[in-house]
Amino acid sequence: RLELLVSKENRESFHSFVTDSRRTVVELICDEFCSVEIPFPHLLYIVPHVQPREYTISSSSSVNPTQPSITAAVLSEKVGKDRRFEGLCTNFLKKLENESKVQFMIRPSTFRLPKDDEVPIFLVGPGTGIAPMR
């Protein structure tokens, strides 16, 4: 079944079974094709690296200069009748205990507010939905 699934002729089947259903490499190896034996170093080579996530700071450094805050949507959705897909980083952040330490990097921004506080502004975070800016 695996050879058939990865053949060039079955790209649509692969896309439906793996991509559309959001199956992970671990699910494929452990649940679907458990007879496949992959040496651990090879597994590390084929598993995708976790890419950095960029979040926008939604807090004001003038209110609290030492504690940045982010606003993020936690991805958790039902896939099929008995599986659940959860976003990797937002769920990791959600499960942290208070006072947990997280490694992060702040990239300098070129964004500047108007000098006149009376000028109305409309802020949009593409792809993020609506988030408060404090």
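Just so it is clear, the structure is predicted and the values come from calculations on it, not from any experiment.

Rules of the game
- Residues numbered from 1 in each chain as written.
- Predicted model: local features only at pLDDT ≥ 70, side-chain atom pairs only at ≥ 80, totals over all residues.
- Heavy atoms only, no water.
- Helix = DSSP H or I, 4+ residues; strand = E, 2+ residues; numbered from the N terminus.
- Rg over C-alpha atoms; globule rule 2.2 N^0.38 Å.
- Buried < 20%, exposed > 50% of the residue type's maximum accessible area, 1.4 Å probe, protein only.
- Contact = heavy atoms within 4.5 Å.
- Lys, Arg positive; Asp, Glu negative; His and termini not counted.
- Charge placed at Lys NZ, Arg CZ, Asp CG, Glu CD.
- Salt bridge = Lys/Arg side-chain N within 4 Å of Asp/Glu carboxyl O.
- Core = buried A, V, L, I, M, F, W, Y, C linked by side-chain atoms within 4.5 Å.
- 1 Å grid on protein atoms, 1.4 Å probe; cavity = no way out; pocket = protein on both sides within 12 Å on 5 of 7 lines; lining within 4 Å.
- Points joined across faces, edges and corners; volume = space filled by probe spheres on them.
- Nonpolar A, V, L, I, M, F, W, Y, C, P; charged D, E, K, R; others polar.
- Pairing = 2+ DSSP bridges.

A few words now on the overall build of the chain. Across its full length, the chain carries five helices and two strands. Beginning at the N terminus, the succession of helices and strands in the chain can be written as α-α-α-α-β-β-α. Here the C-alpha radius of gyration of the chain, 21 Å, is well above what a compact globule of 134 residues would show, namely 14 Å. Projected onto its principal axes, the C-alpha positions of the chain cover 65 × 30 × 30 Å. The 134 residues of the chain split such that 13% are buried. For the chain, the share of sequence-separated contacts (at least 6 apart) that also reach a separation of at least 24 residues comes to 37%. Here the chain contributes 17 positively and 17 negatively charged side chains, and the mean placements of these two sets differ by 1 Å.

When their charged atoms lie close together, side chains carrying opposite charge are able to pair. Evaluation of the coordinates by the stated rule reveals five salt bridges. With its nearest N and O atoms 3.6 Å apart, the salt bridge here joins arginine 23 to glutamate 32. One salt bridge in this structure joins glutamate 86 and lysine 95, with 3.7 Å as the shortest N-O distance. Among the residues examined, glutamate 86 registers a relative accessible area of 36% and is labelled partly exposed.

Moving on to the side chain of asparagine 91. When you line up the elements, asparagine 91 lands in helix H5 (residues 88-94). Residues in contact with asparagine 91, not counting those within four places in the same chain, are Val74, Leu75 and Glu86.

The next thing to look at is the nonpolar core. Counting five residues, the largest nonpolar core is built from Leu5, Phe17, Val18, Leu28 and Phe33. Discounting residues that sit within four places of it in the chain, leucine 28 has contacts with Phe17, Val18, Arg23 and Phe33.

The next thing to look at is the layout of surface pockets. By volume, the second largest pocket is sized at about 320 Å³. Along the walls of the second largest pocket sit 15 residues, with Thr24, Val25, Val47, Pro48 and Leu88 positioned nearest its centre. At the level of secondary structure, the elements contributing two or more residues to the lining of the second largest pocket comprise helix H2 (11-20) and helix H3 (25-32). For the lining of the second largest pocket, a count of residues per class yields eight nonpolar, four polar and three charged.

Where strand S1 (residues 76-79) and strand S2 (residues 83-86) come together, four bridges link them in antiparallel fashion. Residue pairing for S2: serine 76 is matched across the bridge by glutamate 86. Once S1 ends, the chain turns through three residues before running back antiparallel as S2, passing glycine 80 with a positive phi of about 75 degrees.

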